[in-house]
Amino acid sequence: MSRGVSKGALLLSAFLITPWSSLAFYLPGVAPTTYAPDDRVPLYVNHLTPGLSTKDERVHSIFAYDYYHPDFRFCTPEGGPQRIPESLGSILFGDRILTSPYELHMLKNETCKLLCEQKFDQEAINFVEERIYEYYTLNWLIDGLPAGQLWRNPDTKTKFYIPGFLLGSVVWGSGSDEESRASLNNHVDLWIDYHELGPKKMRVVGVLVEPSSRNGSKSLEGGKADCGDDTQPLLLEAGDMPVTWTYSVYWRPSPTAWATRWDKYLYVINPEIHWFSLIISTVIVVLLTGMVASILLRALRKDIARYNRLDRINLDDLSGTSAALDDGVQEDSGWKLVHGDVFRAPSHPLLLSVFLGNGAQLFVMTGLTIRELSLRIPSV
Ligand SMILES: *[C@@H]1O[C@H](CO)[C@@H](O)[C@H](O)[C@H]1NC(C)=O
């Protein structure tokens, strides 16, 4: 049995260590990054998540999309996007953080930079149009901070940031016969707040993003771009259409210290304590804990009494364990045997995995357990 345990423990530790041994966890927000002027500040992209609209508050979708899903036609960095090691929290949240081709340099204001040009075909247009009608939101990270949009609480007039910005917007028709259309946000203005710590020591303390849809933008010679203006939105048309992705970056000094940079993101609109549900949860927790404790105590009392008897025997007097065994005391007995079963591999592990995922396994196992129980308990 001890061999089984060590094998199981080895397997478990191999599973835990191998995938991340080269990446290692980091704790986000613990160590600040300091940039000198003109240092590159990386912009990472996360998956696209569905959002809600103020116009129509139904939930339209619940799926997250990979940022580099080919039908979005987003620009990819040279050599393909790379995965960024994530914190345990973002792994649990299902984040997929990847590199991007956006080039931001500390304190370098840049207006209208060309990212890339892409061709949309009918399939991509249909795909993106559907995602815009479902209010999909882009999630970018700059120095660990989400790129957000500025909101104002109408009651208190407090300003705060909401993470994420829309992939596109729905242009509602004005007349009764006019259909609504989808416009794609192909330009972003990034407003990055930095805090000056000392000479050549800058820290990122806030990221605002203003997306806009621009029909007039096109690439010019020498890697330059013409960003047009945001009076003419880029509407998705049937057939093939080219799209130019552009961006501008502005750096603004800010008095916010690095330690409090999350405050404007963690704004609570309605800071009211829900006493009633708090009390109910506490009562349920106390009741359940008491129940589990009493069941455990009842089950273990006999075993614990047996172990206590072992303590009373002077172990030096024993030539082997046979005396203890004669006394009815074994090294492992009762509930302690369970640990052997936890790490014991089943005899045909692959056979069981076939059923996984469709509920058949649960069904079969329930049947087997009931059968086993009825065999063991004669009165049933
Ligand atoms: C960048 O542009 C913003 C907005 O126009 C301005 O407030 C800021 O001073 C500029 N920063 C630099 C380093 O030129």
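As the structure is a prediction and not an experimental result, all values here were calculated from the model.

Parameters and conventions
- Residues numbered from 1 in each chain as written.
- Predicted model: local features only at pLDDT ≥ 70, side-chain atom pairs only at ≥ 80, totals over all residues.
- Heavy atoms only, no water.
- 1 Å grid on protein atoms, 1.4 Å probe; cavity = no way out; pocket = protein on both sides within 12 Å on 5 of 7 lines; lining within 4 Å.
- Points joined across faces, edges and corners; volume = space filled by probe spheres on them.
- Helix = DSSP H or I, 4+ residues; strand = E, 2+ residues; numbered from the N terminus.
- Nonpolar A, V, L, I, M, F, W, Y, C, P; charged D, E, K, R; others polar.
- Near = heavy atom within 4 Å.
- Polar contact = N/O pair within 3.5 Å; in protein donor to acceptor, adjacent residues only side chain to side chain.
- Areas by Shrake-Rupley, 256 points an atom, 1.4 Å probe, with all protein chains shown as cover.
- Pairing = 2+ DSSP bridges.
- Salt bridge = Lys/Arg side-chain N within 4 Å of Asp/Glu carboxyl O.
- Disulfide = S-S within 2.5 Å.
- Buried < 20%, exposed > 50% of the residue type's maximum accessible area, 1.4 Å probe, protein only.
- Contact = heavy atoms within 4.5 Å.
- Phe/Tyr/Trp six-rings, centres within 6.5 Å; stacked < 30°, edge-to-face > 60°.
- Lys NZ or Arg CZ within 6 Å of the ring centre and 35° of its normal.

Please clarify how empty space enclosed by the protein should be interpreted in this entry.
If a probe as big as a water molecule is rolled over the atoms, it shows which places are left empty. Counted according to the given criterion, the structure contains 1 cavity of 30 Å³ or more. One number sums up the size of the largest cavity: a volume of about 100 Å³. Around the largest cavity, the lining is made up of 14 residues, and of these Tyr 102, Leu 138, Asn 185, Val 188 and Trp 245 lie nearest the centre. When contributions to the lining of the largest cavity are tallied by element, the ones reaching two or more residues are β12 (165-166), β15 (187-198) and β19 (241-253). The class makeup of the residues in the lining of the largest cavity is 10 nonpolar, 4 polar and no charged.

Got a minute to help me understand the site of the ligand in this structure?
Leu 107, Asn 109, Trp 191 and Trp 251 make up every residue found near the ligand. Side-chain polar atom of Asn 109 to an oxygen atom of the ligand: 2.3 Å apart, as the coordinates give it. Trp 251 places a polar main-chain atom, nitrogen or oxygen, 3.4 Å from a nitrogen atom of the ligand. Here the ligand loses 48% of its free accessible area of 360 Å² to cover by the protein chains. Considered class by class, the residues forming the shell around the ligand number 3 nonpolar, 1 polar and no charged.

What is the right way to look at the sheet that holds strand β7 (residues 136-138) in this model?
Strands in a sheet are paired, the pairing made by backbone hydrogen bonds, and the direction either parallel or antiparallel. Pairing is antiparallel across the open sheet formed by 3 strands, whose spatial order is β3-β7-β12. Two strands in the sheet have a free side with no partner beyond their single neighbour: β3 (49-50) and β12.

What am I meant to see in the sheet that holds strand β9 (residues 145-146) here?
If you trace the 4 strands from one edge of the open sheet to the other, you get β4-β2-β8-β9, paired in antiparallel fashion. Since the sheet does not close on itself, it has two edges, and those belong to β4 (98-99) and β9, each with one partner. Judged from the 2 bridges that link them, strand β2 (residues 43-45) and β4 form a sheet pairing that is antiparallel. The residue bridging Tyr 44 from the neighbouring strand is Thr 99, located in β4.

Any chance you could explain the pattern of salt bridges here in plain terms?
Once their charged atoms are close, side chains differing in charge can pair, the charge on each being opposite to the other. With the rule as written, the count across this model stands at 11 salt bridges. Between Arg 96 and Asp 66 there is a salt bridge; the shortest N-O distance is 3.0 Å. With Arg 96 in the loop between α2 (88-92) and β4 and Asp 66 in the loop between β3 and α2, this pair connects stretches of sequence that are 30 residues apart. For Glu 130, the salt bridge is made with Arg 131, and the minimal N-O distance between the two is 3.2 Å. Each of the salt bridges in this network shares a partner with another, and the network as a whole consists of Asp 71, Arg 73 and Asp 121.

Looking at this model, I keep getting lost on the state of the cysteines. Mind explaining?
Throughout the structure, instances matching the rule amount to 2 disulfides. Between Cys 75 and Cys 116 runs a disulfide, and the two sulfur atoms are separated by 2.0 Å. One quick way to see it: the torsion about the S-S bond of Cys 75 and Cys 116 is about -85°, and its sign makes the bridge left-handed. Separated by 41 residues along the polypeptide, Cys 75 in the loop between β3 and α2 and Cys 116 in strand β6 (residues 110-120) bring together distant segments of the chain. The same class applies to Cys 75 as to Cys 116, namely buried. Note that Cys 112 is cross-linked by a disulfide to Cys 227, the S-S spacing being 1.9 Å.

Can you help me understand the side chain of Asp 189 in this one?
Turning to its location among the elements, Asp 189 is positioned in strand β15. For Asp 189, a relative accessible area of 12% translates into the label buried. Reaching out from Asp 189, the side chain makes a polar contact with the side chain of His 187 at a distance of 3.2 Å. Aside from chain neighbours lying at most four places away, what touches Asp 189 is Leu 208, Val 209, Glu 210, Arg 214, Ser 248 and Tyr 250.

Explain the packing of aromatic side chains to me, please; I cannot follow it from the model alone.
Each aromatic ring pair is specified by the distance between its two centres and by the angle formed by the two planes. Evaluated as defined, the whole model comprises 15 aromatic pairs. Consider the rings of Tyr 67 and Tyr 68, whose centres lie 5.0 Å apart with planes at 80°: the pair is edge-to-face. Members of the aromatic cluster, connected to one another through ring pairs, are Tyr 65, Tyr 67, Tyr 68, Phe 72, Phe 74, Phe 127, Tyr 136 and Trp 245. Over the ring of Phe 127 we find Arg 131; its NZ or CZ atom is 4.7 Å from the centre of that ring.

Functional significance is not addressed by these values, which are geometric in nature.
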